[in-house]
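# A look at the structure
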Amino acid sequence: MEINAQILEIFGVYAFAARSALVLSLVAMAIYVLLNAGIFALPHMGLMAVGSYSATVLSLDAQLPFFVAVAGGTVAATLCGLILAAVLGRLNGIYLAIATIAFSEAVSAAVLNIPLTGAAQGRVGIPRSTTDLAIVGSVVLVLALLIAIRRSRLGLSIVAIREDALMAGHQGINVFAYRIGLMSLAGFLCGLAGALNVHLAGFVEPGFFNFGLLAHTLANVVMGGMVYVGGALLGTILMSTLSQAVTVVGEYQGIVNGVIIITVVAFAPFGLIGVVSDFLRQRKRSRGQVLGGQSNAPNNAAIKFDRLSRKNKTNESHETVIDLSDISMHFGGIVALHSVSLTCSSGELLGVIGPNGSGKTTLLNVISGAYKPTGGSGALQGQEIKSFFGSPYLMSRAGIARTFQTIRLIDDLSVRDNVTIGLNSTSGKNSFQSNGTLNQLSRVDEVERVLQEHGLAHIADMYAGELSYGLRRRVEIARAVASRPKLLLLDEPTAGMDPQEREDVFARISSLLSQGMGIIVVEHDVAMMSQYCDRLVVLDFGLVIASGDPDIVLQQESVISAYVGGQGAGKR
Ligand code: ADP
Ligand code: MG
């Protein structure tokens, strides 16, 4: 009898520890939700406290049933996450981390001063209504939700935001909205965990939501792999098993947590799952090598194309795509652009040239929404775009796409996924002629169409990071035009390429022009630009010093002297 009782007691202790660990795995998943999106925020203890105390008050004071109390706690924390994101969502990195930890501290302090929370003593006598089914059900449902998000295009956009938020914006992804959504989701998960936890323990006390618990949960996530859906759960299960099985670990949990965080971050930043997936990828990569080698040659024989041969084919009645007037851009005392006005028509290749530092990249940054100009206005196909200035995702959705001076692909994603990210800029009315609404299927078709059109179908499953420079540039252009923009901006698309690769790029440009896109290209090579471009705009110290037919422009005194005074024509 006595032995039986002892066994039961020991089992009871383990069972309680296991239940707590599972409940806390929800907090671990909330940490994953933010870290995976590159949001370095740690509001989790505060959010969990909000969920815990709200549920407690609903249970004890309002006498509401378990499910209602849990739902209430969850909603309260979700709202809290939402407000926090709205207030802090534009902060980044260390500032966001500090501000969100301060939020948790503020919640702790508030708890001590609100009578309903029971202050320092906390509250006891909460019905222990949290069943195993409620715990396991919550964990499974949340996991399923997170997996579904990861697998959807939302998941791809989240990875894009994590890897390169600016690039993501230029693909039509509303980074701020995502941050608000994800912080609310973190609030939801922490609130759920808190509400379940108080109904599991039967009491709540302010000391519970301390930095030690945060560090412990963080250690779980880091150990499992912080950018993997399963990482949080795996880490939690491993760590709690470890601390139960090896008593020493339990006793020195704080030290163990610290050592784990430091070691994993230093040597295997993506945790256990990261180590395994790296290994698998390495094997796949060594098999993929041959393919990569073959695909370096452009796969459609480059169409010979230049300005003069194109002129004969096209009629001149093209509508104006972009019309910029008096754009100025000042950086403190530096005037990067001074009252720049230009237009580009559908099917027209407009070249922007000028010495280094003359404002070419700045101009593209203004048009694509990366910078808000100090003055000036613009119109895209007659529509005012001034209100989109400074907002890459709005410009992108309006129909302005771009590539970057240094290629900005996500190396750890496949070519297909990289291209898919470009489909975010679809505004619905803008492209996909047939029907305005898009279902998942037509998106998939659309991606395959783009891959095919750009000669990328055979390497669609390769990682962008393992491609040659020329192919990477091709992928970047494919991503930019995936959603069929009206205007494409190319910043030195052929820099560092051999002649073969250059021809490939211009062949692609030619086919986009024939589809009616307007294209503005920035390059250093004046000879090449005059060969291909319909018109040139020459910048010098942020001023347009000449524009028009390339042959005429390059004869102008001011242009020659700008180049002689600067870098010298035709050179970098
Ligand atoms: P280009 O692309 O023609 O070589 P840029 O547009 O990059 O020239 O730069 C034009 C001028 O604006 C340079 O003097 C550069 O230092 C300045 N500039 C560009 N971007 C910034 C920035 N973000 N902050 C401050 N100065 C900038
Ligand atoms: Mg530049």
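This report concerns the structure included in the present document. Source: prediction; values computed, not measured. Every residue gets a number counted from 1 within its own chain, in the order that chain's sequence is written. Labels follow written order: the first chain is A, the first ligand is 1, and so on. In keeping with the model being predicted, local features are shown solely for residues with a pLDDT of at least 70 and side-chain atom pairs are shown and tallied solely at 80 or more, while totals for entire chains, interfaces and linings include all residues. Heavy atoms from the whole structure form the basis of all side-chain values; hydrogens and water molecules are not counted.

### Remarks on the site of ligand 1
Keep this limit in mind: Throughout, near means a residue has at least one heavy atom within 4 Å of the molecule or strand. In protein, a polar contact means a hydrogen-donor-capable atom and an acceptor-capable atom, both N or O and within 3.5 Å, with residues adjacent in sequence counting only if both atoms are side-chain atoms; elsewhere, any N or O pair within 3.5 Å suffices. The protein chains shown are the only cover counted for residues, whose accessible areas, like all others here, come from Shrake-Rupley with a 1.4 Å probe. Helix numbers and strand numbers start at the N terminus; a helix is a DSSP run of H or I with at least 4 residues, a strand a run of E with at least 2. Each residue is assigned to one of three groups, with Ala, Val, Leu, Ile, Met, Phe, Trp, Tyr, Cys and Pro labelled nonpolar, Asp, Glu, Lys and Arg labelled charged, and all others, Gly among them, labelled polar.
Around ligand 1 sit F331, I334, A336, P355, N356, G357, S358, G359, K360, T361, T362 and Y371, and those are all the residues in its vicinity. Take K360: an N or O atom from its main chain is 2.9 Å from an oxygen atom of ligand 1. Within the side chain of T361, an N or O atom sits 2.8 Å from an oxygen atom of ligand 1. Here ligand 1, which alone exposes 560 Å², has 64% of that area covered by the protein. Within the residue set of the shell around ligand 1, elements represented by two or more residues are strand 4 (334-345) and helix 15 (360-367). No other element matches the three residues that helix 15 contributes to the shell around ligand 1. The residue makeup of the shell around ligand 1, split by class, is five nonpolar, six polar and one charged.

### Quick word on the sheet that holds strand 3 (residues 320-331)
So the rule is basically this: When DSSP finds two or more bridges between two strands, those strands count as paired. We call two residues in contact when some of their heavy atoms are within 4.5 Å. An axis is simply a line fitted to the C-alpha atoms; with a helix, the fit covers only the stretch in contact. Between two such axes, the angle follows the N-to-C directions and lies from 0 to 180 degrees.
Judged by pairing direction, the sheet is antiparallel, and its four strands sit side by side in the order 4-3-6-7 without closing on themselves. The sheet is open, and its two borders are formed by strand 4 and strand 7 (383-384), each paired with just one other strand. As paired elements, strand 6 (residues 375-380) and strand 7 share two bridges and run antiparallel to each other. The residue of strand 7 that forms the bridge with L380 is Q383. Each of strand 3 and strand 4 touches helix 15; the most contacted strand, strand 3, lies at about 115° to it.

### Digging into the sheet that holds strand 10 (residues 518-522)
Ordered by their spatial adjacency, six strands build an open sheet running 8-9-10-5-11-12, and the pairing between neighbours is mixed. Lying at the two open borders of the sheet, with one neighbouring strand each, are strand 8 (400-402) and strand 12 (543-548). Going from strand to strand, the sheet's axes swing by 20° on average, the running direction of each strand aside. Taken strand by strand, helix 15 contacts strand 5 (349-353), strand 8, strand 9 (487-491), strand 10 and strand 11 (535-540), and its axis lies near 150° from that of strand 9.

So far we have only geometry, and geometry alone does not tell us how the molecule works.
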